[in-house]
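Chain by chain, the residues:
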There are 2 protein chains.
Amino acid sequence: MAKEAKQDFVQHITPRSENFSQWYTDVVLKAELMDYAPVRGCMAMRPYGTRIWELIQAAMDKRFKETGHENVAMPMLIPESLLLKEAEHVEGFAPEVAWVTQGGSEVLTERLAIRPTSETMFCTMYARWIQSWRDLPMKYNQWCSVMRWEKTTRPFLRTSEFWWQEGHTMHATAEEAQEETLQMLEVYREVCEDVLAMPVFAGQKSDKEKFAGARATYSVEAMMQDGKALQAGTSHNFGTNFSEPFEVQFLDKDGTLKHCHETSWGSSTRLIGAVIMTHGDERGLKLPPQIAPFQAVILPIAAHKGGVIERCEQVYQQLHEAGIRVKLDDRDNLSPGWKFNEWELKGVPLRLEIGPRDIENGVASYMRRDTFEKGTLPLDSLAEGVKELLNDIQRSMFAQAKAFMDEHTKDVHSYEELRQQVQTGYARAMWCGSRACEDNIKEETSATSRNMPFDQTPIGDSCVCCGQKADKVMYFSKAY
Amino acid sequence: MAKEAKQDFVQHITPRSENFSQWYTDVVLKAELMDYAPVRGCMAMRPYGTRIWELIQAAMDKRFKETGHENVAMPMLIPESLLLKEAEHVEGFAPEVAWVTQGGSEVLTERLAIRPTSETMFCTMYARWIQSWRDLPMKYNQWCSVMRWEKTTRPFLRTSEFWWQEGHTMHATAEEAQEETLQMLEVYREVCEDVLAMPVFAGQKSDKEKFAGARATYSVEAMMQDGKALQAGTSHNFGTNFSEPFEVQFLDKDGTLKHCHETSWGSSTRLIGAVIMTHGDERGLKLPPQIAPFQAVILPIAAHKGGVIERCEQVYQQLHEAGIRVKLDDRDNLSPGWKFNEWELKGVPLRLEIGPRDIENGVASYMRRDTFEKGTLPLDSLAEGVKELLNDIQRSMFAQAKAFMDEHTKDVHSYEELRQQVQTGYARAMWCGSRACEDNIKEETSATSRNMPFDQTPIGDSCVCCGQKADKVMYFSKAY
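Sequence order as written defines the numbering, with residues in each chain counted from 1. Chain letters start at A and ligand numbers start at 1, both assigned in the order the entries are written. For this predicted model, a pLDDT threshold of at least 70 governs which residues receive local features, and a threshold of 80 or more governs which side-chain atom pairs are given and counted, while totals over whole chains, interfaces and linings are taken from all residues.

What follows deals with the domain arrangement of chain A. Residue and element names in this part refer to chain A. Taken domain by domain, chain A holds domain 1 (16–279), domain 2 (294–389) and domain 3 (409–477). Relative to domain 3, the C-alpha centre of domain 1 lies at a distance of 27 Å. Contact definition: two residues whose C-beta atoms, as placed from backbone geometry, lie within 7 Å. Opposite the 15 residues of domain 1 that make contact, domain 3 presents 14 residues. Under the scheme used here, helices are H or I runs from DSSP no shorter than 4 residues and strands are E runs no shorter than 2 residues, and both carry numbers assigned from the N terminus. Of all elements in the fold, only strand E9 (200–204) and strand E10 (216–223) reach the threshold of two or more residues within the side of domain 1 that touches domain 3. Domain start and stop points were drawn from an automatic or database domain assignment.

Looking now at the environment of Cys437 of chain A. With respect to the helices, strands and loops of the structure, Cys437 of chain A is situated in helix H14 (residues 435–445). Distance in space between the C-alpha atoms of Cys437 of chain A and Gly467 of chain A is 9.9 Å, their sequence separation being 30 residues.

A few words now on helix H3 (residues 47–66) of chain A. Residues and elements named next belong to chain A. Take the residue count of a helix, subtract one, and multiply by 1.5 Å to get its expected span. Between its terminal C-alpha atoms H3 stretches 28 Å, which fits the 28 Å expected from 20 residues at 1.5 Å a residue. Whether a residue is buried, exposed or partly exposed follows from its count of other C-beta atoms within 10 Å of its own C-beta, namely 20 or more, 12 or fewer, or something in between, respectively; the C-beta atoms are built from the backbone. All of the buried residues in H3 are Pro47, Tyr48, Gly49, Thr50, Arg51, Ile52, Trp53, Ile56, Met60 and Phe64. One or two residues past the end of H3 sits Gly68, with phi positive at roughly 85°.

Right, let's get into the interface of chain A and chain B. Where the parts come together, the accessible area they lose is often given as the size of the interface. Between chain A and chain B, the residue contacts involve 43 residues of the former and 43 residues of the latter. Examining the composition of the side of chain A that touches chain B, we find that 6 residues originate from one element, strand E5 (residues 98–103) of chain A, more than from any other. All amino acids are sorted into three groups, where Ala, Val, Leu, Ile, Met, Phe, Trp, Tyr, Cys and Pro are nonpolar, Asp, Glu, Lys and Arg are charged, and the leftover types, Gly among them, are polar. Split into classes, the residues belonging to the side of chain A that touches chain B amount to 27 nonpolar, 9 polar and 7 charged. Pairing analysis gives 5 bridges linking E5 of chain A to strand E5 (residues 98–103) of chain B, with the strands arranged antiparallel. Along E5 of chain B, the bridge assignment pairs Ala98 of chain A with Gly103 of chain B. Here, any two strands with at least 2 DSSP bridges between them count as paired.

A separate point is the packing of H3 of chain A against helix H7 (residues 174–195) of chain A. Residue and element names in this part refer to chain A. Structural elements are reduced to axes, namely lines fitted to C-alpha atoms, with helices fitted over the stretch in contact, and the angle between N-to-C directions of any two is expressed from 0 to 180 degrees. Relative to each other, H3 and H7 sit at 140°, their axes nearing to 11 Å. Considering only the axes of H3 and H7, their crossing is right-handed. Facing H3, whose interface residues are Ala59, Met60 and Arg63, H7 presents Val187, Val191 and Val195. Among the residues forming the contact of H3 with H7, the class breakdown is 5 nonpolar, no polar and 1 charged. By the definition used in this description, the sense in which the near helix is turned from the far one sets the handedness, with an anticlockwise turn below a right angle giving left-handed and a clockwise turn giving right-handed.

Attention now goes to the sheet that holds strand E15 (residues 296–300) of chain B. Residues and elements named next belong to chain B. The strand order E16-E15-E17-E18-E19 describes an open sheet built from 5 strands, whose pairing is mixed. Every interior strand has two partners, whereas the edge strands, strand E16 (326–328) and strand E19 (374–378), have only one. Mean inter-strand twist for the sheet, computed between neighbouring axes without regard to direction, equals 25°. Examined bridge by bridge, strand E18 (residues 363–368) and E19 share 5 bridges and lie antiparallel to one another. Residue Val363 lies in a different strand from E19, and its bridge partner there is Pro378. Relative to the sheet, helix H9 (residues 308–321) contacts E15, E16, strand E17 (350–354) and E18, its axis offset from that of E15 by approximately 170°.

It is worth spelling out the packing of H9 of chain B against helix H12 (residues 382–407) of chain B at this point. Residue and element names in this part refer to chain B. Running from N to C, H9 and H12 point in directions that differ by 60°, and their axes come no closer than 9 Å. In terms of orientation, H9 lies oblique with respect to H12. The two elements H9 and H12 cross, and the hand of that crossing is right-handed. Side by side, H9 and H12 meet where Val315, Gln318 and Leu319 of the first sit next to Leu382, Ala383 and Val386 of the second. Orientation categories follow fixed angle ranges, with anything under 35 degrees roughly parallel, anything over 145 roughly antiparallel, 65 to 115 roughly perpendicular, and all other angles oblique.

Should pLDDT be low for a region, the predicted coordinates there are not to be read in detail. Per residue, pLDDT measures the predictor's confidence, with a range of 0 to 100. The predicted model of chain A has a mean per-residue pLDDT of 95, with 98% of residues at 70 or higher. Confidence drops under a pLDDT of 50 for residues 1–7 of chain A, and excluding neighbours within four residues, the segment shows 8 contacts in the predicted structure.

On to the nonpolar core, then. Formed by 282 residues in total, the largest nonpolar core has its most connected members in Ala296 and Ile298 of chain A together with Ala296 and Ile298 of chain B. The residues contacting Ala296 of chain A, other than those within four sequence positions of it, are Leu319, Ile324, Val326, Val348, Leu350, Leu352 and Val386 of chain A. Joining buried Ala, Val, Leu, Ile, Met, Phe, Trp, Tyr and Cys residues through C-beta atoms within 7 Å gives a set, and that set is a nonpolar core.

Turning next to the environment of Ala383 of chain A. Residue and element names in this part refer to chain A. By the secondary structure assignment, Ala383 is in helix H12 (residues 382–407). What makes Ala383 partly exposed here is the crowd of 17 C-beta atoms within 10 Å. Residues Ala383 and Ile324, 59 residues apart in the sequence, show an inter-C-alpha distance of 7.9 Å. Non-local contacts of Ala383, meaning those with residues more than four positions away in its chain, are made with Gln318, Leu319, Ala322 and Ile324.

Think of an α-helix as turning once every 3.6 residues; residues three or four places apart then point the same way. Residue and element names in this part refer to chain A. In a regular helix each residue adds 1.5 Å, so 14 residues correspond to 20 Å; helix H9 (residues 308–321) covers 20 Å between its end C-alpha atoms and thus fits that length. For H9, the set of buried residues is Cys312, Val315 and Leu319. All buried residues of H9 lie within an arc of 60° about the axis, which places them on one face of the element. Across from the buried face of H9, at angles greater than 90 degrees, the exposed residues are Glu310, Gln317 and Glu321. Where the residues of H9 are buried, they touch strand E15 (296–300), strand E16 (326–328), strand E17 (350–354), strand E18 (363–368) and H12. Once H9 finishes, Gly323 follows within two positions and takes phi at roughly 85°, a positive value. Our arc is simply the arc of the directions from the helix axis toward the C-beta atoms.

Below you can see the structure in the form of structure tokens.
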């Protein structure tokens, strides 16, 4: 049975090199991260995917609280009249809103949107909650799902309903709002790099690519293994764009009434897709230890032999008590070979095998999922050994992804170089700042402007597209 | 200013003895737990309310995971055709569903319900995920918000949108499903009593009061300070009521295809309302330490005097590092008197005052919110002292609520006794089991059957309503 099983697994994952997109879908489904729901474009997150999201949430939420943010839970339904209050915003979102028009047997007099995002709701409530400068800053976040009626959807990357967090904060001054905007961008960078082991470029979006209603949008952009960018988090400075129509005002120390300066920032279940496409390989998912539902799996070898199962159970207890997320796979109807494949597919960072010979030698045999490197760890200090290995796997996964990103990022000085570079990665180029050049590049190469790095040291003086004088450094690439 | 402030707080809370219902609403709003949203019947949970909910969630979720459950995230939209598959269920929920009929600019061919509950969605997905007995039990839970188009709403107690968890599990045998149903009821009992310090009666609902589609429903019922019951959690055994129409089947060990036996169980943000009405008093909210966003608040006294603020900051660090949720209120524009009132209103279990004299004596002065008892604790072992006090407050709040419940629960042997007892509390009575008697009692006394305790030792032999032979012990009371 083991042989057939092995083949079964292998034949169901399309090789990554052959068809990246199909490989992605195969991994998502076979690793049981999600399944398609009966409503078009919606997904059901299965336990394994949900647990990954919970671990990402915990890492984020901890940092949000440490930076002085509080969670709230806002209503999911937004009256149409509220959505209409900010012109750019409604233009950006109206085409993709799901509308509630009936409540029970009653036909509603005003349509209600299922939130596509909650700026309008937050502003409505902030206007009631903020009176004076003493109430500021007010820094709230919520974890929820939102709905955008998408035409083409892909698991985690673009779904009609997705799960996310949205932070919305109000400040007394423009400077404070800008500080907050950049602080939260840095939180996203840190979570991406230190938790997801996923290197990112942080920078500012062009006017064309910024959020509907924002004065400035910043993003962190990761690179997938097909060389495309994935926007992993965005942080917006709204200035008073929303606080004016929504009349979010405060009485300042000088006795005058002023509009609040607002920020908002979001990241979503897209991050799960990003992790898959940053780290995955031919065998499936490869999870960084910090967000792996199981950081290590224990497989009994020759489990029918005396003492093996008992020793595995002891080891399980030992690791569990040391705070390691560990799974003992004692299913007796599957061969070790089948289990090897399954846990590799599911991306568990560390496999531990314990059989009669290991026990005799006082060790557990291990295999690292990231490098497939094998070795042994002494059983009597196993928790320490495992923790060290997990730390090393986390670091080495980041290093590998960073090396890939560096390799696939190049400075380009001509349109031809740009065109070639965006086939396989990021192009860093000088850009004149005009929308026309962005549009041209997109039309001819499918690449879009990603962001302008904070380090704007020029790498030339003329626009990569039109050849006119340029003083902006911009990353271009194809993107998800 | 302190005086005015004090009066301001007091005059805004209606005395509990005068108008319990208005007192409740005042506390909810003044303690900033929630606010009304622009959509009728919906609420925005503010940070203080949300944090309480997060702490309840954490206590529940830990126990769900310990009992082998996994979280999932199901889509919020359910096609009408799925809702129609189980007859009783659709009849129970259809009148209160919010319907999505438009997606973007497209008019949908089938209406989509915002989930009022997710049995139908879980069953749809379970039917795809379950093949053989080896997949069972499958025990999933989700945290989300649901929508029921309510006509009359009250903060936390009944809102059109509310936040909850819903567990849905599938089992190979009827026995296992029944075990699970009772296990989760016990989890609810434990969380109510040990975490919320809120005593409950656990038992089985009558056929009339059971969930739409369930074979048996169990509940835990708490008692509010106006003597009314509040259903704090329910656990249902569905048998194969849903798995048959949804074709949730598994191949059993004997090679035959069988329908799964299903359970579901839920608890919601109603619990916050229950905590308010179980423990609150004339001064406002009274939170059990285990779910208090701040378990202790530190108030500097004569803060302008040298060393006071510094000492308070040290104490804050010390308690924070010991894992106590602590707040240092160093606002300099408010008097201690104002702050006393505010933190009492917000129900913080322990107030710590530190002034020059306290520092001189090496102590912090404290006041317990539950008993208003005052005393001092040595500063050099403050964390231990605070932890002990918090444990004692938790225990003593439960004891006080339990004494109230016991006092307001009586065995009744006649209809007249029943009628009187349900004016102020629970009546335990013999009941013949007929729906007619339940209907009569409800019509004439406004009391409903709450649940049948597991201990069914008879306290008589004739029905409290019709006088016929009766063998069921049932609790009756008015309820939220």
